[in-house]
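Residues per chain are reported as follows:
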Amino acid sequence: MTGEPIRVGIVGFGLAGRVFHGALLADDPEYRVEAVVTRDDDRAADARRRHPGAAVVPSSADLASMGLDLVVVATPNATHADVAVEALRAGSAVVVDKPVATTAREARELIAEAESADRLLTVYQNRRYDGDYLTASRLVADGSLGEVHTFESRFEPWKTANRAGWKSSATASDGGGILFDLGPHLVDQALRLFGPVDDVRAEIATRRPSAVADDDVMVSLRHAGGVRSRLWMSHVAAQPGPRLRVLGSEGAYVVSGLDPQEAQLASGLSPSDPEYGLVGADGHGTVGVGDDRRVVPTERGRYPLFYRRLAAALRGEAEVPVDPRDALAALEVIEEARRTAR
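Only a predicted model underlies this, so the values are computations on that prediction, with no experimental measurement involved.

A. How the structure looks around the sheet that holds strand E7 (residues 148-155). One open sheet holds the 8 strands; their spatial order is E8-E9-E10-E7-E11-E12-E13-E14, and the pairing between them is mixed. Strand pairing shows two members of the sheet lacking a second neighbour, strand E8 (197-205) and strand E14 (292-296), which therefore form its edges. Across the sheet, the axes of successive neighbouring strands diverge by a mean angle of 15°, strand direction being ignored. The sheet strands contacting helix H10 (residues 324-340) are E8 and strand E9 (216-223), and the helix crosses E8 at an angle near 60°.

B. View of the pairing of strand E2 (residues 31-37). Most of E2 sits out of view: 6 of its 7 residues are buried. Running through helix H1 (residues 15-27), the crossover from strand E1 (residues 6-11) to the neighbouring parallel element E2 is right-handed. In the sheet, E2 pairs with strand E3 (residues 55-57) via 3 bridges, with the strands oriented parallel. Directly across from Val37, in E3, lies its bridge partner Val57.

C. A look at helix H2 (residues 41-50). Taken together, the buried positions of H2 are occupied by Ala44, Asp46 and Ala47. Viewed end-on, H2 has its buried residues packed into an arc of 165°, placing them on one side of the element. The exposed residues of H2 that point more than 90 degrees off its buried face are Asp41, Asp42 and Arg49. If you follow the buried residues of H2, they end up packed against H1, E2 and E3. Put simply, Asp40 is the residue that caps the front of H2, since its side-chain oxygen is 3.0 Å from the backbone nitrogen of Asp42.

D. Region of interest: the sheet that holds strand E4 (residues 70-73). Pairing in this open sheet of 6 strands is parallel, and the strands run E3-E2-E1-E4-E5-E6 from one edge to the other. Of all the strands in the sheet, just E3 and strand E6 (121-124) have a single pairing partner and so form its edges. On average, each strand axis in the sheet is inclined to that of its neighbour by 25°, with strand direction left out of account. Judged from the 6 bridges that link them, E1 and E2 form a sheet pairing that is parallel. In the strand pairing of E2, Val11 is matched with Val37.

E. How the structure looks around a positive patch on the surface. Residues Arg192, Arg302, Arg308 and Arg309 make up a contiguous surface patch of positive charge. Residue placement: Arg302 occurs in the loop between E14 and helix H9 (304-314). Overall, Arg302 belongs to the partly exposed group, its relative accessible area being 38%.

F. Layout of the nonpolar core. Judged by nonpolar contacts, the single largest core of 94 residues is most densely connected at Leu70, Val219 and Tyr307. For this core, the element with the most residues is H10, which contributes 7 residues. Contact partners of Val219, with chain neighbours within four places excluded, come to Leu179, Val200, Arg201, Ala202, Ser229, Arg230, Leu231, Met233 and Ala337.

What counts as what
Residues numbered from 1 in each chain as written. Predicted model: local features only at pLDDT ≥ 70, side-chain atom pairs only at ≥ 80, totals over all residues. Heavy atoms only, no water. Pairing = 2+ DSSP bridges. Helix = DSSP H or I, 4+ residues; strand = E, 2+ residues; numbered from the N terminus. Axes fitted to C-alpha atoms, helices over the stretch in contact; angles between N-to-C directions. Contact = heavy atoms within 4.5 Å. Buried < 20%, exposed > 50% of the residue type's maximum accessible area, 1.4 Å probe, protein only. Right-handed = clockwise from strand over helix to strand, strands pointing away. Arc of directions from axis to C-beta. Polar contact = N/O pair within 3.5 Å; in protein donor to acceptor, adjacent residues only side chain to side chain. Patch = residues over 30% accessible without salt bridge, like charges linked within 9 Å, V, L, I, M, F, W, Y side chains within 5 Å. Areas by Shrake-Rupley, 256 points an atom, 1.4 Å probe, with all protein chains shown as cover. Salt bridge = Lys/Arg side-chain N within 4 Å of Asp/Glu carboxyl O. Lys, Arg positive; Asp, Glu negative; His and termini not counted. Charge placed at Lys NZ, Arg CZ, Asp CG, Glu CD. Core = buried A, V, L, I, M, F, W, Y, C linked by side-chain atoms within 4.5 Å.

Following this line, the structure appears as structure tokens:
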């Protein structure tokens, strides 16, 4: 690939396409958004405003003749694999928003398709770049907590009404529900920290009257190395627990609240802003035993690093930021969680 900007098409312009991908791509000089796919008139107008000069087209098939270097798949979950295969066959590298597919079988087939086409495939596991997770990873690696035995992780956004759009009607078989929405993040983080698992148990419930898929889930993982991870995701937790609680033989790391990057991007804050990715002083976690605790500043969140690393991979200078086999491993855990659920 030459020194010219990487030519990108974004398929889907809801929250994922607009905020998680479009905002980062527009801010990174390595990329130029050439096309956006959406059938919604309001989203089309927004795409033209955010990405001047980009073609706004109604179908992913319209991208095939554009010779794009990269296609970002930010469509409803059930279509991820099909849209990604279409882009690979058109000659583009592909970023798929999580989950990479709705079944492990589809994910394996997609990986094989990328290998056959000799094109890069990666998955947008942006929560690897959350500041709290980066902080926890450092504390685990440097031994600050001693020997870790338990990892607890939660995403518990209070949403008593089912959200609008495709998620309001998507069943679990369509890739709907909170386990498919937030599970890929929580499982991926646990696998990155503590490696493969040899036991998976889960409690999966649908509690809101308006919901058609799961909205309250707990997954328990036993890693091959002995660490136990307990992962909660819920829309009905009126008082959320700590975002992360990592328990070790010498102390614990506890942090609450959410990484600010999603809210910052949604509000229009530029990823280049000096305040981007930073949490306030009251959002830092603590390390210690009982009341003997010290504040540990939360590292800056780094979502832009995903696309910087991908640019290096596309130029043949590095590996992709997320190996799609990692996303496959997370899907296999999610499938086992459904199989064993009570």
